[in-house]
Amino acid sequence: MTSILILNGPNLNLLGSRQPEVYGVTTLAEVESLCRATAGELGVALEFEQSNHEGVLIDLIHGAKGVHDGIVLNAGAYTHSSIALMDAIASVEIPTIELHLSNVHAREPFRHRSYISKVAIGLICGFGPAGYPLAIRAMVEKLEVSP
Ligand code: DQA
């Protein structure tokens, strides 16, 4: 069975209360429910994780090797700074979709640079929580074309 890791980075545990004007009022637990409903509909397995720590995120990416077929990564602010996360994705060679709730390209210039984009197969941003099911669907379609 196809298996997808959904990985969330720093401050995303605060979704729902964190800057609702930017990120909305949906909590991370509700995002997880959305993801599980989509995974159930598509018949794929899903692991959903969040960490505020760069090293933990890297360990989760390493642990995905041989376990998950695809990764959906919202790396939060590490997107714009972490060469280590970029290297981790490149190292495991698991197709990864970069995801953001907000449209990072319509925001501050420092959010326009992404290290994750350099190793991701694609990018979804600006659709709020709806981006997560979109990313799962995109990943499943991509894996069906080139497993
Ligand atoms: C974010 C965008 C990042 O720039 C920011 O640091 C986040 C959330 C998003 O989902 O829109 O923490 O990844």
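Quick note: structure is the one above.
Presented here is an overview of the structure given in this document. (Residues numbered from 1 in each chain as written. Predicted model: local features only at pLDDT ≥ 70, side-chain atom pairs only at ≥ 80, totals over all residues. Heavy atoms only, no water.)

## Observations concerning the overall build of the chain
Alright, step 1. Helices and strands together make up the secondary structure of the chain, namely 5 helices and 5 strands.
Alright, step 2. The order of α-helices and β-strands along the chain, N terminus first, is β-α-α-β-α-β-α-β-β-α.
Alright, step 3. Burial statistics for the chain: of 147 residues in total, 47% are counted as buried.
Alright, step 4. Long-range contacts, defined as pairs at least 24 residues apart, comprise 76% of the intrachain contacts of the chain with a sequence gap of at least 6.
Alright, step 5. Accessible surface, the chain as shown: approximately 6900 Å² in total, 55% of it carbon and sulfur. (Helix = DSSP H or I, 4+ residues; strand = E, 2+ residues; numbered from the N terminus. Buried < 20%, exposed > 50% of the residue type's maximum accessible area, 1.4 Å probe, protein only. Contact = heavy atoms within 4.5 Å. Areas by Shrake-Rupley, 256 points an atom, 1.4 Å probe, with all protein chains shown as cover.)

## Here's the deal with the site of the ligand
Alright, step 1. Neighbouring the ligand are Arg 18, Tyr 23, Asn 74, Gly 76, Ala 77, His 80, His 100, Leu 101, Ser 102, Val 104 and Arg 111.
Alright, step 2. Measuring from an oxygen atom of the ligand, one finds a backbone N or O atom of Ala 77 at 3.1 Å.
Alright, step 3. At 2.8 Å from an oxygen atom of the ligand is found a main-chain nitrogen or oxygen belonging to Leu 101.
Alright, step 4. Considered on its own, the ligand offers 320 Å² of accessible surface; in the complex 99% of this is hidden by protein.
Alright, step 5. Tallied by class, the residues present in the shell around the ligand amount to 4 nonpolar, 5 polar and 2 charged. (Near = heavy atom within 4 Å. Polar contact = N/O pair within 3.5 Å; in protein donor to acceptor, adjacent residues only side chain to side chain. Nonpolar A, V, L, I, M, F, W, Y, C, P; charged D, E, K, R; others polar.)

## Some details on the sheet that holds strand E5 (residues 122-125)
Alright, step 1. On the basis of which strands lie adjacent, the open sheet formed by 5 strands has the order E2-E1-E3-E4-E5 and parallel pairing. Two strands close off the open sheet at either side, each with one partner strand: strand E2 (45-50) and E5. Between one strand and the next, the sheet's axes are offset by a mean angle of 20 degrees, whatever the strand orientation.
Alright, step 2. In this sheet, strand E4 (residues 96-100) lies alongside strand E3 (residues 70-74) in parallel orientation, the contact comprising 3 bridges. Each bridged residue has a counterpart across the sheet, and for Ile 71 the counterpart in E4 is Thr 96.
Alright, step 3. Together, strand E1 (3-8) and E2 form the strand contacts of helix H2 (residues 28-42), whose direction differs from that of E2 by roughly 165 degrees. (Pairing = 2+ DSSP bridges. Axes fitted to C-alpha atoms, helices over the stretch in contact; angles between N-to-C directions.)

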